[in-house]
Amino acid sequence: MISVHARCTCGPNEAFQATTIERRDPGPRDVVIDIAYAGICHSDIEHARQLRAGGKTRYPLVPGHEIVGIVSAVGAQVTRFAVGDRAGVGNMVDACRECANCRAGLEPYCSGQRVLTYNAIDRDGKPTYGGYSQKIVVDEAFVVKIPHSIPLQNAAPLLCAGITMYSPLRHWNAGPGKRVAILGFGGLGHVGVQMAKALGAHTTVLDLSLTKREDALRLGADDYRLTTDAATFSELANTFDLIISTVPVNVNLDTYLGLLALDGTFVTLAIPEMPLSISAAVLLNNRRSIAGTRSGGLQETQDMLDFCAQHGIAAEVEVINADHIDTAYQRLLAGDVRFRFVIDNATMMKE
Ligand SMILES: [Zn+2]
Ligand SMILES: [Zn+2]
């Protein structure tokens, strides 16, 4: 066993504290990653604070599924990684690998046992612990390569926020001639805008506030509209091929569906607290669809990272000390971050 320093929370209202956790000794196909940075995702807060409807959190919880670092050891049968390589891990560390979805590279939709990076039970029966820790041991099939042109701290959020945006953009064919709207300009939205633009789509940001407008335009948005302004919904009615919602709160869906052009799709990435409510008449109009997606598969995650490297896309981050996770959670919930908190894992050990 490998003992490593980590940060955990022991209950929905408990502050983060320093702890040590055990990582398994690397098996033949395992990669040991010395974690350099771990992004803080909104879903970390949902698990840590047990906010998901019906969701159960196993405490102590070590969150973190935007993990990047350097390979420090590899098992004898590992072929894709060597000591010293830059490596990343997203929100899964295993899946059944045999079902039709796994074989198609759609591991998030595994119909067998999918193992999440934290708050799950691994194949050995032990709880999984995420990236708020010094090292992680993962089968190489669930590890991706981080291109050299992306600084590690800016790459970390791509492992969840990045792939969660990229997968629906690709699945619903964002590209030249298509009009895409991204609802919410935060951790996900700010990488989504860069990707949609690089794919060639006309890209609009819909947000509650104007405070991030300049950032959105700088990152490639063609338009930026307020969701609090009724004119947004009249002027842009029937215009979008794809709306991707990153906001984890219930919105008046009928008003957003009204923005979709013929065969347009509204995709939600987040899980609002209450069930979604829509008027069927709004769906029938323009033959609209509503859909949801999880993140992407392993190959698609690698494709996304390579695409980001090719187009100079990365997350904009605020690097924090591991002592400041609770403060970061508060600020994230208040929308006070440009655009993703990333923990410097060198600060994991408490003096
Ligand atoms: Zn996430
Ligand atoms: Zn499977």
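Numbers given to residues run from 1 along each chain, matching the order in which its sequence is written. The lettering of chains begins at A and the numbering of ligands begins at 1, in the order of writing. Predicted model: local features are reported for residues with pLDDT of at least 70 only, side-chain atom pairs are reported and counted for 80 or more only, and whole-chain, interface and lining totals are derived from all residues.

> Sorry, what's going on with the overall build of the protein chain here?
Secondary structure elements follow DSSP: runs of H or I of four or more residues count as helices, runs of E of two or more count as strands, with numbering from the N terminus. Secondary structure summary: the protein chain contains eleven helices and 17 strands in total. Atoms counted for the radius of gyration: C-alpha only. Globule rule: 2.2 Å times residue count to the power 0.38. At 20 Å, the protein chain has a C-alpha radius of gyration in line with the 20 Å of a compact globule built from 351 residues. A principal-axis box enclosing the C-alpha atoms of the protein chain has dimensions of 60 × 40 × 40 Å. A buried classification covers 46% of the 351 residues belonging to the protein chain. The burial label depends on the number of other C-beta atoms within 10 Å of a residue's C-beta. Counts of 20 or more mean buried, 12 or fewer mean exposed, and intermediate counts mean partly exposed, with C-beta atoms placed from the backbone.

> Honestly, helix α11 (residues 325-333) in this entry has me stumped. Any pointers?
Given 3.6 residues to a turn, an α-helix orients residues that are three or four positions apart in the same direction. Looking at α11, one finds that the buried residues are I325, A328 and Y329. The buried residues of α11 occupy an angular sector of 105° when projected down its axis, which confines them to one face. Once C-beta atoms have been placed from the backbone, residue pairs whose C-beta atoms lie within 7 Å are recorded as contacts. Packing partners of the buried residues in α11 comprise β1 (2-8), α1 (42-48), β16 (317-320) and β17 (340-344). Within two residues after α11, G335 carries a phi angle of roughly 75°, on the positive side. The arc in question is traced by the directions running from the helix axis to the C-beta atoms.

> Please explain the nonpolar core as it appears in this structure.
Across soluble globular proteins, nonpolar side chains show a tendency to be buried alongside one another. In plain words, the nonpolar core is the set of buried Ala, Val, Leu, Ile, Met, Phe, Trp, Tyr and Cys residues that C-beta atoms within 7 Å link up. The biggest cluster of nonpolar side chains holds 97 residues, and the ones touching the most others in it are V31, I33, L158 and I243. A per-element tally of this core places strand β3 (residues 30-39) first, with seven residues. When we break this core down by domain, the ones giving at least three residues each are domain 1 (2-159 + 316-347) and domain 2 (162-292). Residues in contact with V31, not counting those within four places in the same chain, are V71, V74, V78, F81, A87, V138, E140 and V143. Throughout the structure description, domain borders are defined by an automatic or database domain assignment.

> I keep staring at the sheet that holds strand β10 (residues 179-183) and nothing clicks. Help me out?
Two modes of strand pairing occur in sheets, parallel and antiparallel, and in both the strands are linked by backbone hydrogen bonds. For two strands to be treated as a pair, DSSP must find at least two bridges joining them. Read across the sheet, six strands follow the order β12-β11-β10-β13-β14-β15 without closing on themselves; strand pairing throughout is parallel. Bordering the open sheet on either side are β12 (223-226) and β15 (289-292), each of which pairs with just one other strand. Between one strand axis and the next, the sheet turns through 20° on average, direction left out of account. In this sheet, β12 lies alongside strand β11 (residues 202-207) in parallel orientation, the contact comprising four bridges. Bridge pairing in β12 links D207 to L226. Note on geometry: axes are lines fitted to C-alpha atoms, helical ones only across the stretch in contact, with angles between N-to-C directions running from 0 to 180 degrees.

> It is not clear to me how the pairing of β16 should be interpreted in this structure. Could you clarify?
Regular strands show a simple pattern: their side chains alternate between the two faces of the sheet. Across four bridges, the pairing between β16 and β17 is parallel. Across the sheet, I320 pairs through a bridge with I343, a residue of β17. The handedness of a crossover follows from its direction of travel: if, with the strands pointing away from the viewer, the path from the first strand over the helix to the second runs clockwise, the crossover is right-handed. For the crossover from β16 across α11 to β17, the handedness is right-handed.

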